[in-house]
Each structure stands twice: as C-alpha cells, then as structure tokens.
Amino acid sequence: MRETPKRKSAEGFRLFLLILPFLVLCFLFSYYPLYGWVYAFYDYRSPLPLSQCEFVGWKWFRILWSNPAQIAQILNVLKNTFAMSFLGIATSFCPVLFAIFLNEIKCKKFKNVVQTLTTLPNFISWTLVYAVAFSLFSTTGMLNSVLQQLGWIEEPFKILDSGRHVWLSMILWSTWKGLGWGSIVYLAAIAGIDQEMFEAARVDGAGRFHIIKNITIPSLMPTYLVMLMFSVSNFLSNGMDQYYVFQNSFNKQSIQVLDLYVYNIGITGKSMSLATAVGIMKSVVSVTLLMLVNWTSQKTRGESII
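Residues numbered from 1 in each chain as written. Predicted model: local features only at pLDDT ≥ 70, side-chain atom pairs only at ≥ 80, totals over all residues. Heavy atoms only, no water.

Caption draft 1: Representation of the environment of Arg62 within the structure. By the element assignment, Arg62 lies in helix H2 (residues 59–66). For the pair Arg62 and Ala277, spaced 215 residues apart in sequence, the C-alpha to C-alpha distance is 9.8 Å. (Helix = DSSP H or I, 4+ residues; strand = E, 2+ residues; numbered from the N terminus.)

Shown next as structure tokens:
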C-alpha cells in the first residue's frame, strides 16, 4: 500500500515525539546553562543577585591579557593542558590494541573476565582512585614502607607530592582507568567486520598477525580516526576530577589544567566573573577546533563528523 503524504507526516510526528524528551534534556543540560555566560560581563559578588551587581562589559577579558602575572599563569596552565592533551592523543591507540588482542582470546570465560576487570575502573570515582594511589605510593604508603623495611632505600620516594613526573603519572592513571571502557567501541567495530574476510584469509594460509595487520587494523581505522578527531576537538577539555583530587601544593604548577584553573579561580579564588570569562574563551576555542576538525574530515574522508 502506497503511503500518502499525510501518513508520512503522521509517522514523522510520532518519531519526533520519541526523541522529544532527549531534546529537552539536551537543551536543559547543554544550552540553558549558557545563560551563565552573562556573569562574565558583571562584577558579580556572591550572594548578591545579578541585578545588584555592576555591569563592567569586557573588563574581565581585558584583565586576562593586560596583567603580566595573569598572562604568565595562563601560559603555564595552557602548557599543562597541551601536554596532557598531547599525551592523551599519543596514547589513544592503546584501546585499539587492547581491543584487538582481547578479540584474539579464544576462551570466552577468560575473555569476559578480562573485559569486566578492565572496564570496572571506569565506574570508580577519581576520589577512590586517589585513595588507592595514596595508600600505595605516598611517602608512608605500601611501596615506600616495603622498600624501607628491605633496606633498599633510606628516604621515601616522593611520587604523589612532586611535580617532576606528574604528567606521566596522570596519563598512566587515566589510561588504566579508561582502557577497558575505551576499547568497547573498537570491539563493536571488530564484531561488525565481515567474517568472510577472516575465513578467506585463513583459507589462504594467513596467520593471526597477518590477519590483524591486513584486515582488522585497516577495518578499525575509520572508527579510530573519528574518535581521534573528537579528541582533537576537545583538546582544551581535560576534565577536572582527576587533577583536582591529585593536586597539592607540591605539584600545583604542573598539574593545573584549564578546567581546574577555572574551578580554582571561580570557587577557591571567589572570582566567578573571571572564571566565566576564561570558560567562555575556552568554549569558543573548542568550538573553533571542532569546526576545523569537521572541515578536515570532509576534505580527507568525504564525510562530516557533525
């Protein structure tokens, strides 16, 4: 039976009603909070309502780039942010390799156990992760206590209260926490590969590593490139939770990324207007990066990611 335009319109309206709750949630949590940008143009003083605060226009944006001390601090924060983001992008292949090797495990029970154990850390809060790190690697933690009792060291290693290797330690903790979760999308991509390709390769005498090199990895590259482009577009967004719980007076200069810097000046420094101004600039740069990545995807792959 041929569908009439009226029936098509009714079907489209029903489908729209299905996604309407999600559109409302997206608006409430992603777009409505943008109203808070107005605080960047006022000299906001808590707990006064905004109507009783002085309108200062672009004052906070000018302060960001007119004070040498402020500029030096922002440059240091950007250095930390870029370093963490570069390390995150450089290690983005780890979930791909983990998914490939996990897929090669033939024992399903062992495979399920490994996947479960490596996925669980994603659901553990960074507060608990830091509690584990503190009990293991603090100056009075298990590692230093064992090494001192064995007589191998006299002074404890300062792992958590030092800024010398904080970039490396942060990326290691982040990789440990997100490795299993990040591999799920690649396991799904592997499951979507035509199985006849694997069977034909085995008939031709190809071994495991030849199949991985010539079939699995090339099939995963489109998915990996899309995920990589999303990582590049979120270059300035490292998150705050991990760095907030691991920061202390010893490593603050090396661990303070942009999101944590906004929190520190807004909540700790009680300068909500300045923090909002920094957040606006970060959002503008992030959207610009997303548009640039999307343009690059269209030129190189012929497909848009948004």
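Caption draft 2: Just the confidence of the model for the protein chain, in detail. Model confidence for the protein chain is summarised by a mean pLDDT of 86, while 97% of its residues fall at 70 or above. Confidence, read as mean pLDDT per element, is least for helix H15 (residues 272–300) in the protein chain (83) and greatest for helix H4 (residues 94–103) (92). (pLDDT = per-residue confidence, 0-100.)

Caption draft 3: Highlighting the pattern of salt bridges. According to the stated counting rule, one finds four salt bridges in the structure shown. Glu11 is the partner of Arg14 in a salt bridge, and the nearest nitrogen-oxygen pair spans 2.6 Å. In this pair, Arg14 and Glu11 both sit in helix H1 (residues 5–31), three residues apart, roughly one turn of the helix. The class for Arg14 is partly exposed, based on a relative accessible area of 47%. In this structure, Glu104 and Arg208 form a salt bridge, with 3.8 Å as the shortest nitrogen-oxygen distance. Of the two residues, Glu104 sits in the loop between H4 and helix H5 (108–119) while Arg208 sits in helix H11 (residues 208–233), which places them 104 residues apart along the sequence. The class for Glu104 is buried, based on a relative accessible area of 16%. (Salt bridge = Lys/Arg side-chain N within 4 Å of Asp/Glu carboxyl O. Buried < 20%, exposed > 50% of the residue type's maximum accessible area, 1.4 Å probe, protein only.)

Caption draft 4: View of the packing of H4 against helix H9 (residues 184–191). Where H4 meets H9, the axes come as close as 8 Å, and the angle between the chain directions of the two elements is 50°. As the angle between them shows, H4 and H9 are arranged oblique. The handedness of the crossing between H4 and H9 is right-handed. Facing Pro95, Val96, Ala99, Ile100, Leu102 and Asn103 of H4, the residues of H9 in contact are Tyr186, Leu187 and Ile190. (Axes fitted to C-alpha atoms, helices over the stretch in contact; angles between N-to-C directions. Parallel < 35°, antiparallel > 145°, perpendicular 65-115°, else oblique. Left-handed = near helix turned anticlockwise from the far one by under 90°. Contact = heavy atoms within 4.5 Å.)

Caption draft 5: Highlighting the nonpolar core. Of all hydrophobic cores here, the largest spans 18 residues; its most connected members are Leu64, Leu258, Tyr261, Ile265, Ala277 and Val278. Here the element with the most residues in this core is H15; it accounts for five residues. Once residues within four sequence positions are removed from consideration, Ile265 is found in contact with Lys270, Ser271, Leu274, Ala275 and Val278. (Core = buried A, V, L, I, M, F, W, Y, C linked by side-chain atoms within 4.5 Å.)

Caption draft 6: Structural context of H2. Every buried residue of H2 is listed here: Trp60, Phe61 and Leu64. Here the buried residues of H2 occupy an arc of 105° about the axis, which is enough to place them on one side. Seen from the open side of H2, the exposed residues pointing more than 90 degrees away from its buried face are Arg62 and Ser66. Taken together, the buried residues of H2 touch strand E1 (42–43), helix H3 (68–90) and H15. (Arc of directions from axis to C-beta.)

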